[in-house]
Number of protein chains: 6
Amino acid sequence: MSENLNALEKAQVLIEALPYIQRFNRKIIVVKYGGSAMVDEKLKKQVIQDVTLLKLVGFKPIIVHGGGKEISKWVAKAGMEPEFINGLRKTDAPTMEIAEMVLNRVNKSLVSMVQELGVQAVGISGKDGGLLKVEKKLSDGQDIGYVGEVKEVNPKILYDLLEKDFLPIICPIGLDDNYDTYNINADDAACAIARAVSAEKLAFLTNIEGVYKDPEDPSTLISELTVSDARKLITDGYIGGGMLPKLNNCIDAIENGVSRVHILDGRIAHCLLLEIFTNRGIGTAILGDEEHHFYNE
Amino acid sequence: MSENLNALEKAQVLIEALPYIQRFNRKIIVVKYGGSAMVDEKLKKQVIQDVTLLKLVGFKPIIVHGGGKEISKWVAKAGMEPEFINGLRKTDAPTMEIAEMVLNRVNKSLVSMVQELGVQAVGISGKDGGLLKVEKKLSDGQDIGYVGEVKEVNPKILYDLLEKDFLPIICPIGLDDNYDTYNINADDAACAIARAVSAEKLAFLTNIEGVYKDPEDPSTLISELTVSDARKLITDGYIGGGMLPKLNNCIDAIENGVSRVHILDGRIAHCLLLEIFTNRGIGTAILGDEEHHFYNE
Amino acid sequence: MSENLNALEKAQVLIEALPYIQRFNRKIIVVKYGGSAMVDEKLKKQVIQDVTLLKLVGFKPIIVHGGGKEISKWVAKAGMEPEFINGLRKTDAPTMEIAEMVLNRVNKSLVSMVQELGVQAVGISGKDGGLLKVEKKLSDGQDIGYVGEVKEVNPKILYDLLEKDFLPIICPIGLDDNYDTYNINADDAACAIARAVSAEKLAFLTNIEGVYKDPEDPSTLISELTVSDARKLITDGYIGGGMLPKLNNCIDAIENGVSRVHILDGRIAHCLLLEIFTNRGIGTAILGDEEHHFYNE
Amino acid sequence: MSENLNALEKAQVLIEALPYIQRFNRKIIVVKYGGSAMVDEKLKKQVIQDVTLLKLVGFKPIIVHGGGKEISKWVAKAGMEPEFINGLRKTDAPTMEIAEMVLNRVNKSLVSMVQELGVQAVGISGKDGGLLKVEKKLSDGQDIGYVGEVKEVNPKILYDLLEKDFLPIICPIGLDDNYDTYNINADDAACAIARAVSAEKLAFLTNIEGVYKDPEDPSTLISELTVSDARKLITDGYIGGGMLPKLNNCIDAIENGVSRVHILDGRIAHCLLLEIFTNRGIGTAILGDEEHHFYNE
Amino acid sequence: MSENLNALEKAQVLIEALPYIQRFNRKIIVVKYGGSAMVDEKLKKQVIQDVTLLKLVGFKPIIVHGGGKEISKWVAKAGMEPEFINGLRKTDAPTMEIAEMVLNRVNKSLVSMVQELGVQAVGISGKDGGLLKVEKKLSDGQDIGYVGEVKEVNPKILYDLLEKDFLPIICPIGLDDNYDTYNINADDAACAIARAVSAEKLAFLTNIEGVYKDPEDPSTLISELTVSDARKLITDGYIGGGMLPKLNNCIDAIENGVSRVHILDGRIAHCLLLEIFTNRGIGTAILGDEEHHFYNE
Amino acid sequence: MSENLNALEKAQVLIEALPYIQRFNRKIIVVKYGGSAMVDEKLKKQVIQDVTLLKLVGFKPIIVHGGGKEISKWVAKAGMEPEFINGLRKTDAPTMEIAEMVLNRVNKSLVSMVQELGVQAVGISGKDGGLLKVEKKLSDGQDIGYVGEVKEVNPKILYDLLEKDFLPIICPIGLDDNYDTYNINADDAACAIARAVSAEKLAFLTNIEGVYKDPEDPSTLISELTVSDARKLITDGYIGGGMLPKLNNCIDAIENGVSRVHILDGRIAHCLLLEIFTNRGIGTAILGDEEHHFYNE
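Residues numbered from 1 in each chain as written. Chains lettered and ligands numbered in written order. Predicted model: local features only at pLDDT ≥ 70, side-chain atom pairs only at ≥ 80, totals over all residues. Heavy atoms only, no water.

In the annotation of an unreviewed UniProt entry, the entry for chain A reads Acetylglutamate kinase, and the organism field reads Roseburia faecis.

Here is the structure:
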């Protein structure tokens, strides 16, 4: 593709990246990686290339990933019947066992991909170094099994790995006070980690283009939202479905030290790079009320 | 049990540990953990207690573990038919996938156990930080799938984790030059790692009491072997079965910078602690010809 | 003695030490060493073994010692007549000269004993690095010579020695603003040092079993006292003799950042180890009112 | 220009830079900056952008610059008559005074430009920190004034500045043993510095396209030369004029620890970036005989 | 001169320096160097010797210098006509160009002199590392060209150079927000820098003996002034001419963290050394109201 | 005395010290302190002032001292009869006990004096940190008790104390392999320590002016001796008495990494300062054959 470009055009692109490289130099960027971008092999490779490039030019990316559709596949393979409570899958002990196996394998396959690009990666779960402490999450007061809510983040292991120049890749599993294993929603885990390390950016790779005022009307895509705007949209009933918890996560992150959160369309090739290195970002950015001006001046 | 001891006896035991604590202070001890000690829950807990204690009193233990019988169990669950070549199980891609899932889950369950005892652990595979580079291992010239032989160890990640005071727990999976995933024999992996970090000790937890001159006759258990002795035993045909590769691994380790290798009976409670902290070790120790006197003076 | 124990019992004792090793890892423990434990050669060796073990398993012990009966012995040898004021020995210049000689020799003999056990020790007085600044202490308004009260502690030298992995051994001599040499009560010096470094523990090795409600009745030994309890005992007149200043020292230490103070019976073999490593401590522990629950949960 | 590119093309260019960013990560690159690239304001800005980008993506660039035509201009302004010996301008004391003023001003103007791009720069001469020790250079045995030859490089100041994350910008002035000030040929200074720090690359920005076999015939531009090739070209009489000393400098650098030297056409926009970040370099590269294969595999 | 002294007298002088060496050990001392001391070659050498000695005995001196009469000389040489506004020389672009050339050359000549005495120096301007940010200074509301007022000091480069054991020598040039070059009054620059690093001392080398109550009457030289005293002198109209801004600078420095400011007579040989190392200082010292006693006890 | 000097003369003396301060900056200087300089209170103070000054101006002095006449005094006080073997005092256990007490008290009194001058000192013996390992020294094959010969120096404690900016003061007592306490000749201890740390200088403060060719004729004082010269003087029989072992110590030091040894007359006020800071040293200097020129150029 880029072979059509002449040399000068290439140089120009690199030079245009300069101010962005400066702005985020040594800053922590948490990437929640999931959705289509985890299923399509080509997109997968592009996401990993993007994150690796961020690492090499001096940022400090951290990946938090889910298990994609692999968990369901293996639950079925093991001949287990899914049980639902309030429409949510119950994570009993055998399901948790499979989930942990699958998530860790996904985790290590991402490690391989980063290593292949010449960057040192370490795959960990929330168990390692006591990273994620959880408590049982109830659904409308009902026990849905080993589903945890992050209660505490101990980021020492992340700072240690970053100091030693590794790219940390995290699967969202944690321990409760009895050292039992729990699954955590990957969005929640990414948000809790971004807060704990005061990340400069938290980017969610999703299967939608961003936040719409009217999901039916593509022209209502919002490219930038302050926390106040986001709150108003929710209050006014514009946000529903899976976007509601995600947007609440974004607000929570911004209010707890993260500078900017992005909801990106993971189906777009190199969406992460485009967001960070080009003048006009893609997807929807959520930012603090007071940050609004800084980024727009 | 120990509640029968009076206070002074207890103090005495601690004081007797003094010279051993000094001798191994800040030394690396690689423990190959496998066999019965991985199946029996009580033994499992004792092994983890032992290693954690070693960490706390100033040693630098590293655990390398296998998958026990879990891999076979899950291969069966997935409804797969094992295929054998020269009597060895062929590790095709789907089998490797299951092996990786199982090994990583075992890995993280060991991490939980260590964390529960108050020590920071990190579970990694040979993929993380490029720890283990492998090449395909043939069996009598035949391809048996994704079974790897360690070609190169890059111990940076281990030194980094030890420096940051973590206990590294390693599952024996590595990458080849094409970044494909391979299973590695856990004994071989432990041996390669012990060599790479010039471990003070390498301890194999096994299901036998040690090396016998005559396996039929328990009275012929050998408590200490120099490399020369071990070679002679092999040449003279006394060693067979699974002990042959293990003993070759021991010889290889000693000749490449490891000070002492132990073949311990993992079925004995706290065998690791007993070996290290008491005057009369258990199992069989293999040591360099010249080290013989130092340890026996 | 411990040779009567079987291997498993020994391992059990070590394992039981685990939680204590964790709790005090890298914590500073000041040991006031004196009384019978300094006279009896066997007890002396045991105390030194205990402290050395604490050092080796990761604690940071500091010894503060007195001169035992050696000072009186040498005063007599030098043909000097002791002079008393209000029943207290007057420390004139020649007496101070002898005291300094004796205390420093005791100091270096403790250094030898620790070195012999393979741990690096440095013997210092309060003069070295300006550790202890004193002012003259009067007895009921009367000058009793070169007896000093600690006015200021400059702990830099202790942090430097601990950082370089030495075990500091301190004799209680200090300098006043004119750089004259003064003797300091060893209990007071230990207490002042424990405060200055916010020690986790301060342990007094004494010639009694602990604090009694009724010293005549051994059954009234108190195993744990909060600061409030201790104050009440004093107010109610239960505490007298040499225990009064000691208990005041304990209260002072607790109120100034030391977590727990122990009055131990130095005549019991390995009393220090028993206190720290067994479930039921010995002697009397003094602790803050709010700490009470933490240690007892 | 690059606004014509679509987003994906831009991302592609960044991704293509990945392997180069890895290869030169934390490597020192010495850039001899001079010629047209110092006169044309647009080219000047592009060179500075290039070097700043190299710094930001993790390389360690060092700039060595000359004075362009500024020195002659100021000599004329000051009403001084140039004196020539063997066709070389004699650098008497007043000329040296002007040269030093001009070079230092050029130096600080480059510092401003780098600072403006958000990178910390420090402008030094060979006097600072004793960086360049010189001795008088004779021209055919004749004294041509304060023209120095580098005798010794003390790179401590460079390592200190790089460690503190500054971009060092050096003007080629040095001190002799009497601490008199001397002018140094900028090519020679760059070469001596590249040797002293074992630079990964040394790049000369020149006014020609590279080395030609026949300078009259543009089609004879040589894109890669081993040291042996270069020697042969010289011996065979193909190299003359200003290229001869330059090529000798290149050979000297390669033989003294520099991995690769580039003769680039400074008149091409972003020539430095193109050379480093694209598959087909520009200009002529000189490399060791044995390096030939590594770079071409 | 000193050869007339006998050995013991020499030793005595060194011993007398002891308390001063202690008092200022590792303290930062900013020396504003200008006036006659920059013109007379012998005085120049003595100032440099003094500062170098301060460095060698453990102080951390920083030199800030002006351009003496060199700037005017070169402006004339270049055939430029000085233009005056309100009696102040207008610094247009060509004048600024010359000023920058001259100041940087003076800067590097001071570097040579320090290097010759065996101490590592680095000559920088306010451009390097973004040390001095300025804004245009108006004179009675009129634009007088590139004359800047210090708006912000970024002392990182100074701390870095001091940490690496260099003596920083600074010429008073800075950049405004558009990265244009401005000249700064050297007194102002020295004062701003001393404030930014909380210097222990700020010493101005001037052409007068100090502050007089009556400049006509040498007997009214004031050897010590508190800030209150200084303010009162100004209010009462005793201070006029060039001393007024200088004294305001002194007050400003003291009120912003500098412990003591000295106005010294740079025409006295070794005035700096005499001020620092002898019991009776020379010139006028300005100090905080509360510091008054400390220095006089 | 020096109050007779005018200010400029004082400054001159300080400036003259510059080259010496540079030459010995951060160099280790071992001072063997003994003889009259330890008895006369005024000389004592001057020696301590000298060493403290050396410390403050950036050298790294280490003091090794003897016990002067204090040991004999206390042996007599204790009513003990000295026993002689081959004319040497036998150091039985009670004598060693007194020697250790006295030496440590002298040690700490030197610490006080240095502390009073504002420099941090630590007084240690060869026991601390295992500094001096000894073996029994026989006199003509006869056991003369606890007199030790240095067998091994472990300088870690010295490097640690110097790094933490303390001035180490050492009394010459060591431990043998059985951890028994031995007295060491202070000259021997100083020599062994200077060798172990590759001191720049080793200075012996003695009661004589230096080495004479003819001790009867003061005009034959030798101010500089190469090792070869010294050997020849010994062979030719010019050296006798206490000077013989001292000169052998000097030769030994020079041949083992010490750059220069001085035999100084401790009875001269500030002899140490005069030797180091003035052009014409005092006493006798012993240096390597090849160093001869360096120091004399």
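1. Looking at the overall build of chain A
Just so we agree on the cut-off: Starting at the N terminus, helices and strands are each numbered in turn, a helix being any DSSP run of H or I of at least four residues and a strand any DSSP run of E of at least two. Atoms counted for the radius of gyration: C-alpha only. Globule rule: 2.2 Å times residue count to the power 0.38. Think of it in three bands: with a 1.4 Å probe and only protein chains considered, a residue is buried below 20% of the maximum accessible area for its type, exposed above 50%, and partly exposed in between. Throughout, a contact is declared for two residues whenever any of their heavy atoms are within 4.5 Å. Charge counting treats Lys and Arg as positive and Asp and Glu as negative, with His and both chain ends excluded. Each charge is placed at NZ for Lys, CZ for Arg, CG for Asp and CD for Glu.
Helix and strand counts for chain A stand at 11 helices and 16 strands. Relative to the globule expectation of 19 Å for 297 residues, the C-alpha radius of gyration of chain A, 19 Å, shows essentially globular dimensions. By its C-alpha atoms, chain A is 60 × 45 × 35 Å across when sized along the principal axes. Out of the 297 residues in chain A, the part that is buried amounts to 59%. Across chain A, contacts joining residues at least 24 apart in sequence account for 73% of those joining residues at least 6 apart. Within chain A, the 43 negative side-chain charges are centred at a point lying 4 Å from the centre of the 33 positive side-chain charges.

2. Side note on the UniProt feature "binding site: substrate" (unreviewed entry) in chain A
All names here are of chain A. This is how the line gets drawn: UniProt positions are given in the numbering used here, feature names are shortened, and annotations may be inferred rather than shown by experiment.
When the UniProt feature table is mapped to this numbering, "binding site: substrate" (unreviewed entry) covers Gly67, Gly68, Arg89 and Asn183. Take Arg89: it is sitting in strand E4 (residues 88–89). Setting aside its immediate chain neighbours within four residues, Arg89 contacts Ser72, Val75, Pro82, Glu83, Phe84, Thr95 and Ile144. Structurally, the position occupied by Asn183 is in strand E10 (residues 181–184). Given a relative accessible area of 17%, Asn183 falls into the buried group.

3. Details of the domain arrangement of chain A
All names here are of chain A. Which entries qualify depends on this criterion: Domain limits in this description derive from either an automatic procedure or a database domain assignment. Buried area adds together the accessible area that both of two parts lose upon being put together, with accessible area traced by a 1.4 Å probe. Take a side-chain nitrogen of Lys or Arg and a carboxyl oxygen of Asp or Glu: if they are within 4 Å of each other, that pair is a salt bridge.
Once the domains are mapped, chain A shows domain 1 (24–199) and domain 2 (208–256 + 274–297). A separation of 23 Å is found between the C-alpha centroids of domain 1 and domain 2. Contacts between domain 1 and domain 2 engage 10 residues on the former and eight residues on the latter. Its largest share of buried area at the contact with domain 2, domain 1 owes to Asp187, Cys191 and Arg195, together 53% of the area lost on that side. Between the two partners, domain 1 and domain 2, sit two salt bridges.

4. Points about the UniProt feature "site: Transition state stabilizer" (unreviewed entry) in chain A
Residues and elements named next belong to chain A. The UniProt feature table records "site: Transition state stabilizer" (unreviewed entry) at Lys32 and Lys246. These annotated residues cover 215 residues of sequence, and their C-alpha atoms all fall within 11.3 Å of one another, placing them together at a single site. Positionally, Lys32 belongs in strand E1 (residues 28–33). Sequence-distant contacts of Lys32, defined by excluding residues within four places in its chain, comprise Val64, Ala186, Asp187, Ala190, Ala203, Phe204 and Leu205. Checked against the element boundaries, Lys246 lands in helix H9 (residues 243–254). A relative accessible area of 15% places Lys246 in the buried class.

5. What about the sheet that holds strand E16 (residues 284–287) of chain F?
Think of a sheet as strands paired side by side through backbone hydrogen bonds, with each pair either parallel or antiparallel. All names here are of chain F. To keep it simple, the criterion reads: One bridge is not enough; two strands pair if DSSP finds at least two bridges between them. Each axis is a line fitted through C-alpha atoms, and for a helix only the stretch in contact is used; angles between axes span 0 to 180 degrees, taken between their N-to-C directions.
Within the open sheet, the eight strands sit side by side as E5-E8-E2-E1-E11-E15-E16-E14. Their pairing is mixed. The strands lining the two open edges of the sheet, one partner per strand, are strand E5 (121–125) and strand E14 (224–226). With strand direction ignored, the average angle separating the axes of adjacent strands in the sheet is 20°. Where strand E11 (residues 201–206) and strand E15 (residues 260–265) come together, six bridges link them in parallel fashion. If you follow Thr206 over to E15, its bridge partner there is Asp265. Here helix H3 (residues 41–56) sits on the sheet and contacts strand E1 (28–33), strand E2 (60–65), strand E8 (167–171) and E11; the angle it forms with E2, its principal contact strand, is near 150°.

6. Examining the interface of chain C and chain B
Worth spelling out the cut-off: Polar contacts, as used here, are pairs of N or O atoms within 3.5 Å; protein pairs need one atom able to donate a hydrogen and one able to accept it. Residues neighboring in sequence count only if both atoms are side-chain atoms.
Taken residue by residue, the interface counts 34 residues in chain C and 34 residues in chain B. Carbon and sulfur atoms make up 75% of the area that chain C and chain B hide from each other, which totals about 3300 Å². Linking chain C with chain B are four salt bridges. Put simply, chain C and chain B have four residue pairs in polar contact (both at pLDDT 80 or more) between them. Of all the secondary-structure elements, those providing two or more residues to the side of chain C that touches chain B are helix H1 (7–23), helix H3 (41–56) and helix H10 (271–277) of chain C.

7. Side note on the nonpolar core
Stated precisely, the cut-off is as follows: Here, nonpolar core means buried Ala, Val, Leu, Ile, Met, Phe, Trp, Tyr and Cys residues that are tied together by side-chain atoms lying within 4.5 Å of each other.
Ranked by internal contacts, the top residues of the largest apolar core, which has 320 residues, are Phe277(A), Phe277(B), Phe277(C), Phe277(D), Phe277(E) and Phe277(F). Excluding residues that lie within four positions of it along the chain, Phe277(E) makes contacts with Ala17(E), Tyr20(E), Ile21(E), Leu53(E), Leu54(E), Val57(E), Phe59(E) and Leu14(F).

8. Looking at the relation of the copies chain C and chain B
So the rule is basically this: Only residues with pLDDT of at least 70 in both copies count here: their C-alpha atoms drive the least-squares fit that superposes the copies.
Its rotation angle being 180°, the transformation that places chain C on chain B also includes 0.1 Å of axial translation and leaves an RMSD of 0.0 Å. Such values leave the two copies arranged in the relation of a two-fold axis. Rotation axis and chain C: the residue whose C-alpha lies nearest the axis is Val57(C), separated from it by 2.1 Å. Interface overlap between copies is the fraction of interface residues in one copy that are interface residues in the other; for chain C against chain B it reaches 100%, indicating a shared surface.

9. Considerations on the interface of chain A and chain B
Facing the 39 residues of chain A at the interface are 39 residues of chain B. Between chain A and chain B the total buried area reaches about 3300 Å² when both faces are included, carbon and sulfur atoms providing 59% of it. If you sort the residues of chain A by the area they bury against chain B, Met101(A), Arg105(A) and Lys108(A) come out on top, with a joint share of 20%. On the surface where chain A and chain B come into contact, there are 10 salt bridges. Notably, a salt bridge pairs Glu100(A) with Arg105(B), separated by 3.4 Å at the nearest N-O pair.

10. As for the pairing of strand E6 (residues 132–139) of chain A
Residues and elements named next belong to chain A. Bridge count between E6 and strand E7 (residues 142–153): seven bridges; the pairing is antiparallel. Looking at E7, one finds that Leu138 is bridged to Asp143. Connecting E6 to the next strand, E7, in antiparallel fashion are two residues, including Asp140 with a positive phi near 50°.

11. Observations concerning the packing of helix H3 (residues 41–56) of chain A against helix H1 (residues 7–23) of chain D
This is how the line gets drawn: Any angle between 65 and 115 degrees counts as roughly perpendicular, while under 35 counts as roughly parallel, over 145 as roughly antiparallel, and the rest as oblique. Each helix crossing is assigned a hand: it is left-handed if the near helix lies turned anticlockwise from the far helix by less than a right angle, otherwise right-handed if that turn is clockwise. Only Asp, Glu, Lys and Arg are considered charged, only Ala, Val, Leu, Ile, Met, Phe, Trp, Tyr, Cys and Pro nonpolar, and every remaining residue, Gly among them, polar.
For the pair H3(A) and H1(D), interaxial distance at closest approach is 10 Å and the crossing angle is 45°. Viewed along their axes, H3(A) and H1(D) adopt a mutual orientation that is oblique. The way H3(A) lies across H1(D) gives a crossing that is left-handed. Between H3(A) and H1(D), the contacting residues are Gln49(A), Asp50(A), Thr52(A), Leu53(A) and Leu56(A) on the first element and Leu14(D), Ile15(D), Leu18(D), Ile21(D) and Gln22(D) on the second. Partitioning the contact of H3(A) with H1(D) into residue classes produces six nonpolar, three polar and one charged.

12. Here we look at the arrangement of the chains
Considering only C-alpha positions, the minimal separation of the non-contacting chain A and chain C is 15 Å. For the non-touching pair chain B and chain F, the nearest C-alpha separation works out to 16 Å.

13. Observations concerning the pattern of salt bridges
One side chain can pair with another of opposite charge once the charged atoms of both are near each other. Under the counting rule described, the total for this entry stands at 137 salt bridges over all chains. Close ionic contact of Arg260(B) with Glu224(B) constitutes a salt bridge, the shortest N to O distance being 3.6 Å. With Arg260(B) in strand E15 (residues 260–265) and Glu224(B) in strand E14 (residues 224–226), this pair connects stretches of sequence that are 36 residues apart. Judged by its relative accessible area of 7%, Arg260(B) falls in the buried class. On the accessibility criterion, Glu224(B) (22% relative accessible area) is partly exposed. The salt bridge involving Asp265(E) is made with Arg267(E); its shortest N-O contact spans 2.8 Å. A relative accessible area of 6% places Asp265(E) in the buried class. Accessibility expressed as a relative area gives 42% for Arg267(E), which makes it partly exposed. Salt bridges here are not isolated pairs; linked through shared partners, they connect Glu97(A), Glu100(A), Lys127(A) and Arg105(B).

14. Focus on helix H5 (residues 93–116) of chain F
Note the threshold: Multiplying one less than the number of residues by 1.5 Å gives the expected span of a helix.
An ideal rise of 1.5 Å per residue puts 34 Å on 24 residues; H5(F) measures up with 35 Å between its terminal C-alpha atoms. With 20 of 24 residues buried, H5(F) is to be regarded as a mostly interior element.

15. Points about the relation of the copies chain A and chain B
After a rotation of 180° and a shift along the axis of 0.0 Å, chain A superposes on chain B with an RMSD of 0.0 Å. Residue by residue, 100% of the interface of chain A is reproduced at the interface of chain B, so both copies engage with the same surface.

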